[in-house]
Amino acid sequence: MNILFIMYDQLRFDYLGCAGHPHLETPHFDSVAARGVRFTNAYVQSPICGASRMSTYTGRYVSSHGASWNNVPLRVGEWTMGDHLRAAGMECWLIGKTHMKADAKGMARLGLKPDSVIGARQAECGFDVWTRDDGLWAEGPDGFYDSGRSPYNAYLRDKGYPSQNPWADFANAGVDADGDIASGWMFANADKPANIREEDSETPWLTQEAIAFMEQASGPWCAHLSYIKPHWPYIVPAPYHEMFGPDHVPPAVRDEVEREDPHPVYGAYMGNKIAAAFQQDEVRNKVIPAYMGLIKQCDDQLGVLLKYLEDTGQMEDTMIVLTSDHGDYLGDHWLGEKDLFHEQSVKVPLIVYDPRTEADATRGTTCDALVEAIDLAPTFVETAGGEVPDHILEGRSLLPFLHGQRPDWREVAISEFDFSGTPQAVKLGLAPKDCRLFMVFDGRYKMMHAEGGFRPMLFDLQEDPQEFHDLAKGTAHAEIIDRLYDQLAAWGRRCAQRITRSDAEIIAGRGGSLRKGILPFLVDGSEVPGELTSAYRGPAKARYDT
């Protein structure tokens, strides 16, 4: 049994044909859903790339692993998906993006060399690396955003693209009427075709890397194919740049009531430059067709992978998982990007195909359980035949749902967001410790708690599925808010840091010190079995007390 774990970057849950998108056809995503289970209430543990991915890869909440923002290092020694799978006899390889920042100080303190096997895995989030490219090779006055090596740039240079940074000059740029670079960083250029041969663009490149990996691999393996798109820059090569237009752009899901006395954090985000851009129809009419074109290209490349698996006879022994690290507001709720906890941002697609006969009864079905991204790690461990270390992994295996069972399940989904490094924190005058948000969602009511003395936000998704009306502005829902705060408090009291001893080890070790002669607090020894005191009874070896 192998696992092909595919993550798309910034793919919204509702921009798939099988999720009901009115214009975007995704037959290959849909075909995987028809073979497996589509989870309709899947939530990430943080609506930002790095923190979300670290939770997925560790199977732990953000406040447990501590990597709370992009480029915040994942501390050395943190168990990851690769560590758990290798313990179960399955290799775990990376093809694409992780947004992992190595804990260089921690590695140096322990003498872990980055070029050693252990050091490389620590530096790469526990994966063995087939190819890693985080996909943002931006360059400014202070140098490159990413200081690593770009395999994709090297690939493009080998293909003859005449640039030191062909990612910026070709893959994510068009050409204007004067023959100049039309950078994808500018929304005005989103309707132009990227100046690159389609087969050389990022998504086909990673597809071919994945196939090259599978051609040489011997199982069992888990391959984390982590696509860079449809994340911005929003520009796509021909013919995808002209498949969709303004007529395919849905009206923005937003209402003026949201701007009336908004929560201060929400108000700060509605006033940032990203939101200001997406509040313009001309921006949405260019960006969203490009975003849809990027997704269409992802779907076509998924078709290439599925054909490869079919042609090589591997479809019947490969679990396929399709998901995303977060969504994209695209102007909904007066916002752009992600960051907050509306469905467009924190909810993600999750489709799982299990080829085993145990999953036959659930093929082509949906599951509405509250699923979290941290559930994937224990799902993979169980699939690999390992025992799930639930003193470390905070998620729960999804295999019961895939195999037609309805297990006892969580009552709420939790997500966290640390915005201490953002302009919004400065605008609100907050200290870093107060720049933390928490989402608690019970399937109907969604509450956002903000540190720093702010009131919460509350939405009733049954009566208000578009999340327009913040019920926490009044006092009528105090009982619901109190209940959700109780849920948040219970989650906050979870046993998250005792990860070096399992419950089974603790239970097995009870009384162990007694059997090794540690016998405190006895009155005369009769309180315990005689064998425990045998080493302390009998004639004295000598007398020195007189």
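The present account deals with the structure reproduced in this document. (Residues numbered from 1 in each chain as written. Predicted model: local features only at pLDDT ≥ 70, side-chain atom pairs only at ≥ 80, totals over all residues. Heavy atoms only, no water.)

**As for the overall build of the chain**
This is how the line gets drawn: What counts as a helix is a DSSP run of H or I of at least four residues, what counts as a strand is a run of E of at least two, and both are numbered from the N terminus. In this description the radius of gyration comes from C-alpha coordinates, and the expected globular size is given by 2.2 Å times residues to the power 0.38. What makes two residues a contact is simply this: any of their non-hydrogen atoms within 4.5 Å. For every accessible area listed, the method is Shrake-Rupley and the probe measures 1.4 Å; residues are considered covered only by the protein chains on display.
For the chain, the count of helices and strands is 19 helices and 19 strands. In terms of C-alpha radius of gyration, the chain reaches 26 Å, essentially the compact-globule figure of 24 Å for 546 residues. C-alpha atoms of the chain, sized along the principal axes, occupy 105 × 60 × 55 Å. Of the contacts made within the chain by residues no fewer than 6 positions apart, 71% connect residues no fewer than 24 positions apart. In the form shown here, the chain has an accessible surface area of approximately 23400 Å², with 52% of it arising from carbon and sulfur atoms.

**Details of the sheet that holds strand S19 (residues 457–460)**
To keep it simple, the criterion reads: One requirement defines pairing of two strands: DSSP has to find at least two bridges between them. Axes here refer to lines fitted to C-alpha atoms; in helices the fit is confined to the stretch in contact. Angles between the N-to-C directions go from 0 to 180 degrees.
Ordered in space as S16-S17-S18-S19, the four strands form an open sheet in which the pairing is antiparallel. Here the strands that pair on one side only, and so sit at the sheet edges, are strand S16 (413–418) and S19. For this sheet the average axis-to-axis angle between neighbouring strands, irrespective of direction, equals 15°. Pairing between strand S17 (residues 436–441) and strand S18 (residues 445–450): five bridges, direction antiparallel.

**Description of helix H7 (residues 151–158)**
The condition is simple: Relative accessibility under 20% of the residue-type maximum defines a buried residue, over 50% an exposed one, and the middle range a partly exposed one, all with a 1.4 Å probe and only protein chains included.
Here H7 has its buried residues at Pro 151, Tyr 152, Asn 153, Ala 154 and Leu 156. If you follow the buried residues of H7, they end up packed against strand S4 (128–132), helix H8 (166–171) and helix H9 (202–216). A positive backbone phi angle near 100° is found at Gly 160, which sits one or two residues after H7.

**As for the nonpolar core**
Rules: By convention a nonpolar core is built from buried Ala, Val, Leu, Ile, Met, Phe, Trp, Tyr and Cys residues, the set being connected through side-chain atoms within 4.5 Å.
Counting 70 residues, the largest nonpolar core has Phe 5, Phe 39, Leu 85, Leu 350, Phe 380, Phe 419 and Leu 437 as the members making the most contacts within it. Setting aside its immediate chain neighbours within four residues, Leu 350 contacts Val 37, Arg 38, Phe 39, Ala 42, Val 321, Leu 322, Thr 323, Val 371, Leu 376 and Leu 398. In terms of nonpolar packing, the next biggest core, distinct from the first, is built from 57 residues, Leu 4, Leu 225, Val 249 and Leu 322 among them.

**Some thoughts on empty space enclosed by the protein**
Selection criterion: Only protein atoms enter the 1 Å grid used here. Points where a 1.4 Å probe fits but cannot escape make up a cavity, open sets with protein on both sides within 12 Å along at least five of seven lines make up a pocket, and a residue lines them when an atom lies within 4 Å of a point. Grid points are joined across faces, edges and corners, and a volume is the space filled by probe spheres set on the points. Polarity classes work like this: nonpolar for Ala, Val, Leu, Ile, Met, Phe, Trp, Tyr, Cys and Pro, charged for Asp, Glu, Lys and Arg, and polar for all others, with Gly in that last group.
For the structure shown, the criterion picks out five cavities of 30 Å³ or more. The space that makes up the largest cavity amounts to roughly 90 Å³. For the lining of the largest cavity, the secondary-structure elements that each account for two or more residues are S18 and S19. Ranked by residues supplied to the lining of the largest cavity, first place goes to S18 with three residues. In terms of residue class, the lining of the largest cavity is made up of seven nonpolar, one polar and one charged.

**A look at the side chain of Thr 203**
The topology assignment puts Thr 203 in helix H9. By relative accessible area, Thr 203 is classed as buried at 2%. Residues within four places of Thr 203 in sequence aside, it is in contact with Tyr 227, Lys 229, Gln 297, Cys 298 and Gln 301.

**Thoughts on the pattern of salt bridges**
Side chains carrying opposite charge are able to pair once their charged atoms draw close together. Short version of the rule: For this document, the term salt bridge refers to a Lys or Arg side-chain nitrogen within 4 Å of an Asp or Glu carboxyl oxygen.
Per the stated rule, a full pass over the model turns up 36 salt bridges. Here Asp 354 and Arg 356 are joined by a salt bridge, their closest N and O atoms 2.9 Å apart. Using a relative accessible area of 1% as the deciding quantity, one classes Asp 354 as buried. The class for Arg 356 is partly exposed, based on a relative accessible area of 23%. Taken together, the salt bridges that share partners define one network made up of Asp 9, Arg 53, Lys 97 and Asp 325.

**Some points on the state of the cysteines**
Inclusion rule: Put simply, a disulfide is two cysteine sulfurs that come within 2.5 Å.
Tallied over the entire structure, the rule returns zero disulfides. Note on Cys 18: no disulfide assigned, nearest cysteine sulfur contributed by Cys 298 at a separation of 14 Å. With no disulfide of its own, Cys 49 lies 14 Å from the sulfur of Cys 125, the closest cysteine sulfur. Residue class for Cys 49 comes out buried when judged on its relative accessible area of 2%.

**As for the packing of aromatic side chains**
Going by this rule: Stacked, tilted and edge-to-face are the three classes applied to pairs of Phe, Tyr and Trp rings, where Trp contributes its six-membered ring and a pair requires centres within 6.5 Å; stacked means planes under 30 degrees apart, edge-to-face means over 60, and tilted covers the rest. Note on criteria: charge over ring means Lys NZ or Arg CZ within 6 Å of the ring centre, with the direction from the centre no more than 35 degrees off the ring normal.
On inspection of all chains with the given rule, the structure shows 27 aromatic pairs. Among the aromatic residues, those joined into a cluster by ring pairs are Tyr 15, Phe 187, Tyr 234, Phe 278 and Tyr 291. Between Arg 254 and the ring centre of Trp 334, over which it is positioned, the NZ or CZ distance is 4.7 Å. The ring of Trp 491 has Arg 494 lying over it, and the distance from NZ or CZ to the ring centre is 4.0 Å.

**Topic: the packing of H9 against helix H12 (residues 281–311)**
Selection criterion: Should an angle fall under 35 degrees it is taken as roughly parallel, and over 145 as roughly antiparallel, whereas 65 to 115 is taken as roughly perpendicular and any remaining angle as oblique. Handedness of a crossing follows from how the near helix is turned relative to the far one, being left-handed for an anticlockwise turn of less than a right angle and right-handed for a clockwise one.
Running from N to C, H9 and H12 cross one another at 15°; their axes reach a closest spacing of 9 Å. Comparing their axes, H12 and H9 come out roughly parallel. Relative to H12, H9 is oriented so that their crossing is right-handed. Residues Thr 203, Pro 204, Thr 207, Gln 208, Ala 210, Ile 211, Met 214 and Glu 215 of H9 pack against Gln 297, Cys 298, Gln 301, Val 304, Leu 305, Tyr 308 and Leu 309 of H12. Across the contact of H9 with H12, the residue classes tally to nine nonpolar, five polar and one charged.

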